[in-house]
Every structure is written in C-alpha cells, then in structure tokens.
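# Architecture and fold: a report
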Amino acid sequence: MSSGNSVVGSCTVVIPTYNEENNVVNMAKAIRELYPEFRVMFMDDNSTDRSKQLIDELGDPLTRMVVRKPEERGLAASVFQGILECNTDYFMTVDCDFQHPLSTLKGMYEKMEAGADLVIGTRDDRTAMGFKRWAGSWCFTIFANAFLFWHGKPRSKDNMSGLIAGRTSVFVPVIKDNWNNLEMQGWKVLLDLLRWGPKDLKIDEEHYIFAKREIGESHISGKVVVSTFHQCGAFGRFCAKVYAKIKGLDYPYDQ
Ligand SMILES: Nc1nc2c(ncn2[C@@H]2O[C@H](COP(=O)(O)OP(=O)(O)OP(=O)(O)O)[C@@H](O)[C@H]2O)c(=O)[nH]1
Ligand SMILES: [Mg+2]
C-alpha cells in the first residue's frame, strides 16, 4: 500500500447501474480521487438517460461504462459479467448511489492483500433503510444463513450486502461453472457466491454504516423479495411463489 489514500495493485470497482446520470460522474471522480489506480467498470443495463455519454465525456482512461445486451438485463447478471471481464486481481462491487461509503474500500483492499478470498462489507447500522426494509433484511439474513448452513457453506452476518471485494481467480471459475444456477435477475450476488463458491473460502469483513440514497431514484421493488427467496433452495422457491401470489407479482420462473 502506498502512502495516503493511494492504493497500488490491480483492482476493479464493478458498479451496476440503471439510470444513474445524477450519480455516475460524481462516483467516478470520487473513486479516482481516493484510489488513483483502481479501475472502474460501470455495468449499465441500457439506461435511458445520459449516463453513458457523461462517462465517455469524462475521458478517464481507467473508467468505462459497459452497456449490456438488453436481453441479458439484470442487476446480478451485470455484476457477474463485470467480474468475468474485469481482468484484475481483485474486484469490488459497489452501488452507484453512495450508500456504500467509498472510504471502506481501503480496508477491504488491505484485507485482500493480506490473503482474503472474499471481504464482505458488513453493515453495523442498517436503520437508513427504514423500519420495514430493515426488518425484512434481517429476516432474509437469517433465512439465507440457515440455507447456507444446510449446504455446508460459509455464512455471513450480512449475506445481503452489496458491498464486497473478491479474488478474481477464485470467483471467475465459480461463476463460469455455475452459470445456469446463478440468480441472474436477482440482486444478491454475495448469496450466490457463498452458495456456489468453495467451502473453505478465506472470508474477512469490513464494517460500515449504510447511508441513505441522497440522489437519483431507488430501483428496489417486490421483485427483489421474489428473486431472493428463489435463491434459497426448494423451500425458498415455495416462499417466492407464495409471496408473488399474495402481492400479485409475476413469478418469472418455470412453474
Ligand atoms: N445493471 C443494473 N443495475 C441496476 C439495475 N437496477 C438497479 N441497478 C443498480 O444497482 C444499484 C442498487 O440499486 P438501488 O436502486 O440503489 O437499490 P437499493 O440500494 O437496494 O435501494 P435504495 O436503498 O432505495 O437505494 C444501483 O447502482 C442501481 O443503479 C438493473 O436492472 N441493472
Ligand atoms: Mg441504493
């Protein structure tokens, strides 16, 4: 690690985006200022706003926006693609709305350098989500940990976290070998990496406080609940169907 906030090494920050024109430039500049050598890959699902144009105009050689095929749309799908294509020793996944404090990446990087395969950004305080989502997030954390335990896989205090760092050489084969098992339309990339990754992963955690989205629109909806249940085995799929029925949502999987 070099002095100050500057980090050397080979790391790509993978950022899923959809219509984040109010955040992408600030995000790219903030990462560049704190981490001059990190690559940034926005994985964009054909935003209808000016996101792509703004990133192109920025002209930062280490920052690019990948515009994905419309038929492959999905937040998790975009992150998995970013991991496969990043070509650096490590990847980190971060949301584009500053809910994940960028200062956390420094500690995550150091833990990767110290030998971790996976560093999980673990939320000490999720109250910024509001009570309903906070309670839902905790219930899902417990449900998903029971599922991981059942499969003899490593668990995490925050298996719903979207802030993670991983060793690319460990997770590229996991993604390739389990392509058809991954929840491409889902949001919980970490849960799939824990479920399909090796049992003996070296996992560390970096604590942070989840912030409120200040700018731009939230994309969360009941579909996230359906897809997260769907990731958790036969009982999870049953719960996903029941939830979709109660809420009158589409159940986008084969019956
Ligand atoms: N590639 C891609 N990215 C998406 C999609 N939907 C949301 N995102 C991005 O995924 C990240 C998380 O989405 P958010 O809307 O912030 O979801 P959230 O953090 O659970 O919800 P809030 O707390 O309300 O912000 C953001 O960077 C979004 O731009 C999608 O369909 N495809
Ligand atoms: Mg958000």
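Computed from a prediction, not measured in an experiment: that's the story for all the values here. (Residues numbered from 1 in each chain as written. Chains lettered and ligands numbered in written order. Predicted model: local features only at pLDDT ≥ 70, side-chain atom pairs only at ≥ 80, totals over all residues.)

### Quick notes on the overall build of the protein chain
Scanning the protein chain from terminus to terminus reveals nine helices and seven strands. Here the C-alpha radius of gyration of the protein chain, 17 Å, is about what a compact globule of 255 residues would show, namely 18 Å. Projecting the C-alpha coordinates of the protein chain onto the three principal axes gives extents of approximately 50 × 40 × 35 Å. Sequence-distant contacts in the protein chain: of pairs separated by 6 or more residues, those separated by 24 or more amount to 76%. (Helix = DSSP H or I, 4+ residues; strand = E, 2+ residues; numbered from the N terminus. Rg over C-alpha atoms; globule rule 2.2 N^0.38 Å. Contact = placed C-beta atoms within 7 Å.)

### Quick notes on the domain arrangement of the protein chain
As assigned here, the protein chain comprises domain 1 (11-217) and domain 2 (220-250). Taking only C-alpha atoms into account, the centre of domain 1 sits 22 Å from that of domain 2. Between domain 1 and domain 2, the contact holds 11 residues from the first and eight residues from the second. Broken down by element, the side of domain 1 that touches domain 2 gets its largest block of residues, four residues, from helix 5 (residues 131-150). Of the residues belonging to the side of domain 1 that touches domain 2, the class tally is six nonpolar, two polar and three charged. (Domains from an automatic or database assignment. Nonpolar A, V, L, I, M, F, W, Y, C, P; charged D, E, K, R; others polar.)

### What about the packing of helix 1 (residues 24-34) against helix 2 (residues 51-58)?
Remark: helix 1 packs on helix 2, axes separated minimally by 9 Å, with the N-to-C direction vectors making an angle of 35°. In the crossing of helix 1 with helix 2, the sense of the turn from one axis to the other is right-handed. Across from Val 24, Val 25 and Ala 28 in helix 1, the residues of helix 2 making contact are Ser 51, Leu 54, Ile 55 and Leu 58. Residues of the contact of helix 1 with helix 2, tallied by class, amount to six nonpolar, one polar and no charged. (Axes fitted to C-alpha atoms, helices over the stretch in contact; angles between N-to-C directions. Left-handed = near helix turned anticlockwise from the far one by under 90°.)

### So, helix 5
The periodicity of an α-helix, 3.6 residues per turn, causes residues three or four positions apart to be oriented the same way. End to end, helix 5 covers 29 Å across 20 residues, agreeing with the expected 28 Å (1.5 Å per residue, within 8%). Taken from the residues just after helix 5, Gly 152 is the one with a positive phi, measuring 65°. (Expected span 1.5 Å × (residues − 1).)

### Side note on the site of ligand 1
Near ligand 1 you find 18 residues, and of these Pro 16, Ser 78, Cys 96, Ser 218 and His 219 are the closest. Going through the elements one at a time, strand 1 (11-17), strand 2 (39-44) and helix 3 (75-85) are the ones with two or more residues in the shell around ligand 1. The class makeup of the residues in the shell around ligand 1 is six nonpolar, five polar and seven charged. (Near = placed C-beta within 6 Å.)

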